[in-house]
Amino acid sequence: MTKDELKSEILRHLAFSFGKDAAHAQTRDWRMALSLAIRDRVVTPWFESTRKTYEGRHKRVYYLSMEFLIGRLLQDAIVNLGLDDAAREACLELGLSYDQVLADEPDAALGNGGLGRLAACFLDSLSTLGIPAYGYGIRYEHGLFRQSFHEGRQVEQAEDWLSQPHPWEFERPEVCYGVGFYGTVREGEDGAHWDAGDMVVAKAYDTPIIGWQGRWANTLRLWSAQSRTQFDLARFNEGQFAGAAEPEALARTISRVLYPNDSTPQGKELRLKQEYFFTAASLADILRRYHSEYTDIRALPKHVAIQLNDTHPAIAGPELVRILHDEHWVELDDAIEIARGTLNYTNHTLLPEALESWHEGLMRHLLPRHMRLIEQIDDWHARTSKGRKMSTIDHGQVKMGELSFVLANKVNGVSALHTDLMKKTVFSELHTLHPDRILNQTNGITPRRWLRTCNPTLSALITDTIGSGWEDDLDRLEDLEAHVGDAGFRAAFAEAKHANKARLANRIRAIRGVSIDPDAMFDIQVKRIHEYKRQLMNVLEVIALWDAIRRNPGKDWTPRVKIFGGKAAPGYHTAKEIVHLINDVARVVNADEDVAGRLTVVFPPNYNVTMAERLVPAADLSQQISTAGKEASGTGNMKFALNGALTIGTLDGANVEIRERVGDDNFFLFGMTADEVVERRAVPDHAAEAIAASPELARAIEHIERGSFGPGEPDRHRHLANLLRHHDYFLVCSDFASYWKVSREVDEAYRDRDRWTRMAALNTARSGWFSSDRTIRGYAEEIWGATPAI
Ligand code: DL6
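Keep in mind that what you see is a predicted model, and the values were worked out from it rather than measured.

Colleague: I tried to follow the site of the ligand on my own but got confused; where do I start?
Modeller: Around the ligand, the structure places 16 residues, and the nearest of them are His348, Asn443, Glu631, Ser633 and Gly634. Between the ligand and Tyr532, the relevant distance is 3.2 Å, taken from an oxygen atom to a side-chain nitrogen or oxygen of the residue. Contact between the ligand and Ala632: an oxygen atom at 3.3 Å from a main-chain N or O atom of the residue. About the coverage of the ligand: the protein hides 90% of its 430 Å² of free accessible area. In the shell around the ligand, the residues fall into 5 nonpolar, 8 polar and 3 charged. A domain-level breakdown of the shell around the ligand finds at least three residues from each of domain 1 (3-98 + 116-140 + 168-227 + 259-443 + 776-784) and domain 2 (519-752).

Colleague: Explanation requested: the packing of helix α21 (residues 535-551) against helix α28 (residues 695-706) in the structure shown.
Modeller: Geometry of a packed helix pair, given as the angle between the helix axes and the separation of the axes. Their axes nearest at 9 Å, the elements α21 and α28 cross at an angle of 100 degrees. With respect to their mutual orientation, α21 and α28 come out roughly perpendicular. Taken together, the residues of α28 that come into contact with α21 (itself represented by Leu540, Ile543, Ala544, Trp546, Asp547 and Arg551) are Glu696, Leu697, Arg699, Ala700, Ile701, His703 and Ile704. Counted by class, the contact of α21 with α28 contains 8 nonpolar, 1 polar and 4 charged residues.

Colleague: Sorry, what's going on with the UniProt feature "modified residue: N6-(pyridoxal phosphate)lysine" (unreviewed entry) in the protein here?
Modeller: Under the local residue numbering, the UniProt record ascribes the feature "modified residue: N6-(pyridoxal phosphate)lysine" (unreviewed entry) to Lys639. Turning to its location among the elements, Lys639 is positioned in helix α24 (residues 636-642). Residues within four places of Lys639 in sequence aside, it is in contact with Arg117, Ile445, Trp450 and Val616.

Colleague: What's the story with the environment of Glu293 in this structure? I'm lost.
Modeller: Relative to the helices and strands, Glu293 resides in the loop between α9 (265-291) and α10 (300-303). Judged by relative accessible area, which is 14%, Glu293 ranks as buried. In the structure, Glu293 is positioned 447 residues away from Trp740 in sequence and 62 Å away in space, judged by C-alpha atoms. Residues within four places of Glu293 in sequence aside, it is in contact with Tyr54, Arg57 and Arg60. Among the polar contacts made by the side chain of Glu293, one reaches the side chain of Arg60 at a distance of 2.7 Å.

Colleague: Explanation requested: the pattern of salt bridges in the structure shown.
Modeller: Pairing is possible between side chains of opposite charge, provided their charged atoms come close. Tallied over the full model, the rule gives 69 salt bridges. Counted as one network, the salt bridges with shared partners bring together Arg172, Asp206, Arg221, Asp285, Arg288 and Arg289.

Colleague: Teacher, can you tell me more about the packing of aromatic side chains here?
Modeller: Between two aromatic rings, the relevant description is the distance of the centres plus the angle of the planes. This model, assessed by the stated rule, comprises 28 aromatic pairs. Centroid distance Phe405 to Phe427: 5.2 Å. Interplanar angle 50 degrees. Geometry classified as tilted. A residue pair is termed long-range when its members are at least 10 positions apart, and Phe405 in helix α15 (residues 400-406) and Phe427 in the loop between α16 (416-424) and α17 (428-433) qualify at 22 residues. Under the relative-accessibility criterion, Phe405 is labelled buried at 0%. Look at Phe427 and you get buried, because its relative accessible area is 2%. Ring plane angle 20 degrees and centroid distance 6.3 Å describe the contact between Phe736 and Trp740, whose orientation is recorded as stacked. Of this pair, Phe736 and Trp740 are both found in helix α30 (residues 732-751), 4 residues apart, which corresponds to roughly one turn of the helix. Each member of the pair Phe736 and Trp740 is classed as buried. Counting every residue linked through ring pairs, the aromatic cluster contains Tyr62, Tyr134, Tyr136, Tyr177 and Trp223. Across from the ring centre of Tyr205, 3.8 Å away, lies the NZ or CZ of Arg139, which sits over that ring.

Colleague: Whenever I open this one, the sheet that holds strand β18 (residues 438-440) confuses me. Can you help?
Modeller: Strand order in the open sheet formed by 9 strands is β7-β10-β11-β4-β1-β12-β13-β17-β18, and the pairing between neighbours is mixed. What marks the edges here is a single partner per strand, and that holds for β7 (170-181) and β18. Here the strands of the sheet are splayed against their neighbours by 25 degrees on average, with no regard to which way each runs. As paired strands, strand β1 (residues 60-64) and strand β4 (residues 133-138) are joined by 4 bridges and run parallel to one another. Across the sheet, Val61 pairs through a bridge with Ala133, a residue of β4.

Colleague: Help me understand the layout of surface pockets, please; the structure alone is not making it clear to me.
Modeller: Gaps left between atoms are located by rolling a probe of water-molecule size over the structure's atoms. Counted as a void, the second largest pocket has a volume near 920 Å³. Of all elements in the fold, only α3 (74-80), α4 (84-93), α5 (98-103), α18 (447-453), α19 (456-466), α20 (487-512) and α23 (609-615) reach the threshold of two or more residues within the lining of the second largest pocket. Ranked by residues supplied to the lining of the second largest pocket, first place goes to α5 with 5 residues. Each residue belonging to the lining of the second largest pocket can be placed in one class, and the counts come to 11 nonpolar, 8 polar and 13 charged. Formed jointly, the lining of the second largest pocket draws a minimum of three residues from each of two domains, domain 1 (3-98 + 116-140 + 168-227 + 259-443 + 776-784) and domain 2 (519-752).

Colleague: Which parts of the structure should I look at to understand the side chain of Glu402?
Modeller: Looking at the secondary structure, you find Glu402 in helix α15. Sequence-distant contacts of Glu402, defined by excluding residues within four places in its chain, comprise Ser391, Thr392, Val426, Phe427 and Leu430.

Colleague: I keep staring at the pairing of strand β21 (residues 599-602) and nothing clicks. Help me out?
Modeller: Sheet faces and side chains relate simply in a regular strand, where the side chains alternate between the two faces. Side chains of β21 alternate between two faces, with Leu599 and Val601 and Thr600 and Val602 buried alike. Examined bridge by bridge, strand β20 (residues 560-565) and β21 share 4 bridges and lie parallel to one another. Bridging from a neighbouring strand, Lys562 pairs with Val601 of β21. Note on the crossover from β20 through helix α22 (residues 573-591) to β21: the handedness is right-handed.

Colleague: It is not clear to me how helix α29 (residues 718-726) should be interpreted in this structure. Could you clarify?
Modeller: Spacing of three or four residues puts side chains on the same side of an α-helix, whose turn is 3.6 residues. Residues of α29 that are buried: Leu720, Ala721, Leu723 and Leu724. Projection of α29 onto a plane perpendicular to its axis shows the buried side chains occupying an angular sector of 155 degrees, all on one side. Of the surrounding secondary structure, the elements contacted by the buried residues of α29 are α21, α22, α27 (686-693), α28 and α30.

Colleague: I would appreciate a short explanation of empty space enclosed by the protein in the present structure.
Modeller: Tallying each qualifying case throughout the model produces 10 cavities of 30 Å³ or more. Estimates place the volume of the largest cavity at around 190 Å³. As for the largest cavity, its lining consists of 16 residues, of which Leu73, Asp76, Ile209, Ile210 and Arg449 are closest to the centre. Mapped by element, the contributors of at least two residues to the lining of the largest cavity are α3, α6 (114-129) and β10 (198-210). The residue inventory of the lining of the largest cavity, partitioned by class, reads 10 nonpolar, 2 polar and 4 charged.

Colleague: Can you walk me through the sheet that holds strand β16 (residues 397-399) in this structure?
Modeller: Within a sheet, each strand pairs with its neighbour through backbone hydrogen bonds, oriented either parallel or antiparallel. One open sheet holds the 3 strands; their spatial order is β14-β16-β15, and the pairing between them is antiparallel. At either end of the open sheet lies a strand with only one pairing partner, and these are β14 (357-359) and β15 (393-394).

Colleague: What is the right way to look at unusual backbone geometry in this model?
Modeller: Here Trp329, not a glycine, exhibits a phi torsion of approximately 55 degrees, which is positive. Looking at the secondary structure, you find Trp329 in the loop between α11 (316-327) and α12 (332-342). We classify Trp329 as exposed; its relative accessible area is 67%. Despite not being glycine, Arg534 shows a phi value in the positive range, around 60 degrees. Topologically, Arg534 is positioned in the loop between β19 (521-526) and α21. Overall, Arg534 belongs to the buried group, its relative accessible area being 0%.

Reading the values: rules and limits
- Residues numbered from 1 in each chain as written.
- Predicted model: local features only at pLDDT ≥ 70, side-chain atom pairs only at ≥ 80, totals over all residues.
- Heavy atoms only, no water.
- Near = heavy atom within 4 Å.
- Polar contact = N/O pair within 3.5 Å; in protein donor to acceptor, adjacent residues only side chain to side chain.
- Areas by Shrake-Rupley, 256 points an atom, 1.4 Å probe, with all protein chains shown as cover.
- Nonpolar A, V, L, I, M, F, W, Y, C, P; charged D, E, K, R; others polar.
- Domains from an automatic or database assignment.
- Axes fitted to C-alpha atoms, helices over the stretch in contact; angles between N-to-C directions.
- Helix = DSSP H or I, 4+ residues; strand = E, 2+ residues; numbered from the N terminus.
- Parallel < 35°, antiparallel > 145°, perpendicular 65-115°, else oblique.
- Contact = heavy atoms within 4.5 Å.
- UniProt positions renumbered as here; feature names shortened; annotations may be inferred.
- Buried < 20%, exposed > 50% of the residue type's maximum accessible area, 1.4 Å probe, protein only.
- Salt bridge = Lys/Arg side-chain N within 4 Å of Asp/Glu carboxyl O.
- Phe/Tyr/Trp six-rings, centres within 6.5 Å; stacked < 30°, edge-to-face > 60°.
- Lys NZ or Arg CZ within 6 Å of the ring centre and 35° of its normal.
- Pairing = 2+ DSSP bridges.
- 1 Å grid on protein atoms, 1.4 Å probe; cavity = no way out; pocket = protein on both sides within 12 Å on 5 of 7 lines; lining within 4 Å.
- Points joined across faces, edges and corners; volume = space filled by probe spheres on them.
- Right-handed = clockwise from strand over helix to strand, strands pointing away.
- Arc of directions from axis to C-beta.

In structure tokens form, the structure reads like this:
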């Protein structure tokens, strides 16, 4: 498509799809018109992909996920279609700022963090590789909350990406399924019958996901909940105006908000409802499609692979068994085997509090038929696995991890270390019974979004240096290594980084009013705020550094800009206190003239995918400092390394594999290993001992206790200090001395810019393995038995 063709398509949509005259069109109108003009180019390959899948009778992959953190879609589609130059020029000729048009798109935040963003990267890779696939999830009206700060405290507001039409989706009013809840089960001679007490309707919305160079497009199908009765006219006529709309409002609650607060019993029930809602609708849809092609339901595993993204869709197991047994009259044992042959489960966390379990009473109340089947699945597992009764139901709780494991063909972890720990800890017993079931698929990131699109400066240098084609063959970045010895290449690499930093500095000045120097080291930690991710350790380092600079102002300190980004879950009190502390420390440090130009702290609110796309290319240092054994993988760590940031990190999650690949000399390692963490925790007074051994840490904690960051309210952050001294479960204190020492080595290394650039370039050259294309190939070959259809 040429620039002129695109321009006339934009104008056509502006007039005929939106009824706007170019003279009066606003940025939003232009963005919508451009989106539809681009979307038109996606539809033909999309139809073609579906046709080829049917014709070739290809196995289909279904990725069930509560979260798809897709972010903005317009630029992704433009770049994948190779239309970026045409789009930029068309906008220019229409008198528009291309960047402004792109920036108008809401950031679709249908996920919390890594798990949801991984699902979005997987969609891109599935399409790029031409593997016939569907993503299935929920069309939340409100995605992850919008974060702002009031006097340093996090404030949450509802996110409203659907307050304007979403140009990428196609509503499918004809694709609707009833999803039942509650009710009773009748055991008759012809089997069990579930009479649901309530029913909502799941309606489909489809978003085409176009792969690299537009060769293939898959579908993201999201379900929206509706009432069976739209509006109760009888109640309305009786004067019950609110009551008349109640059924619709109640049903819609199911797809209204991502992760409702589950601290109340009502909230818990709603979450389980969401899980069953989207899983049941997806399975109904999968089986409808299956029956349109095949007659033998027993051949399901041959033609269909379903991946459960964590345990959120784990009820798919009992639901599939229910459909096979109750509706297709397959013997129960056979039904279980067919389900097991079809389903696979990815575990994304070992944190006990994040492993899902549901109260048996709630499960029986909401899904009585499924609860009965879960008991039968448990018995089946005991019968067929050396007579050992498993703990799917334990102390009145249904454990979804165990249930998913028992009903899975394959179970995978998301980094080598995490998979190893899964075998040794949460699933040790099940692993002994089924030693071939667990395997590893280290996470990956799509290089289209996380290098080509977000870092055009570095991408251009890469293409100039090694030629094009690396975007869907990221191992080719290895070819850069031969150029790292070339001073001209290193200068160009450093220049690209500097340009990205200057762009970020301008933006931060505009939105936060803070001036930062692009020559200073940009040291970035962005991720959800959590104790195990140890933002607290990072802010302690800020305090210790601030204190050290004030004590020794004559020293030639390496200038650092500490950038934080991330949201704390609304009900997670300690995480919100950490947010507050970072903001309070930033206020004090940034106002202190003694440290000006040497240390600056920035915490832009509302970290999301779009913000990540700006921060990642501008980072010099990537903070990956979780307590070893706690971060399942991480994917931010991969994005930063790929974009030429050096990592300061622990041996946790995929950091281990990043270090192996980029080389020990190009990675700043500190801290305890996962085994040492377990040992250290057993040491009485480990925190006191560590504080006594590190004067920097001791002074930093004393500053917090003295109220240095709580003007007029000295005890403001005392709780965090107490936590460090007395309940330091994540071993911030025990790892601090090592962190501080290595951080000073980082300062030293940054002073030798040429050496730093060499290390940074090697990070880029050696990070090709972290492409999600590699990950998806692994899933396709080792888990799904699926092959590309192109
Ligand atoms: O696998 C994707 C991502 C990992 O990179 C992170 O390390 C891990 O914390 C995250 N896990 C979750 C778990 N949530 N639940 N359930 O988000 O998955």
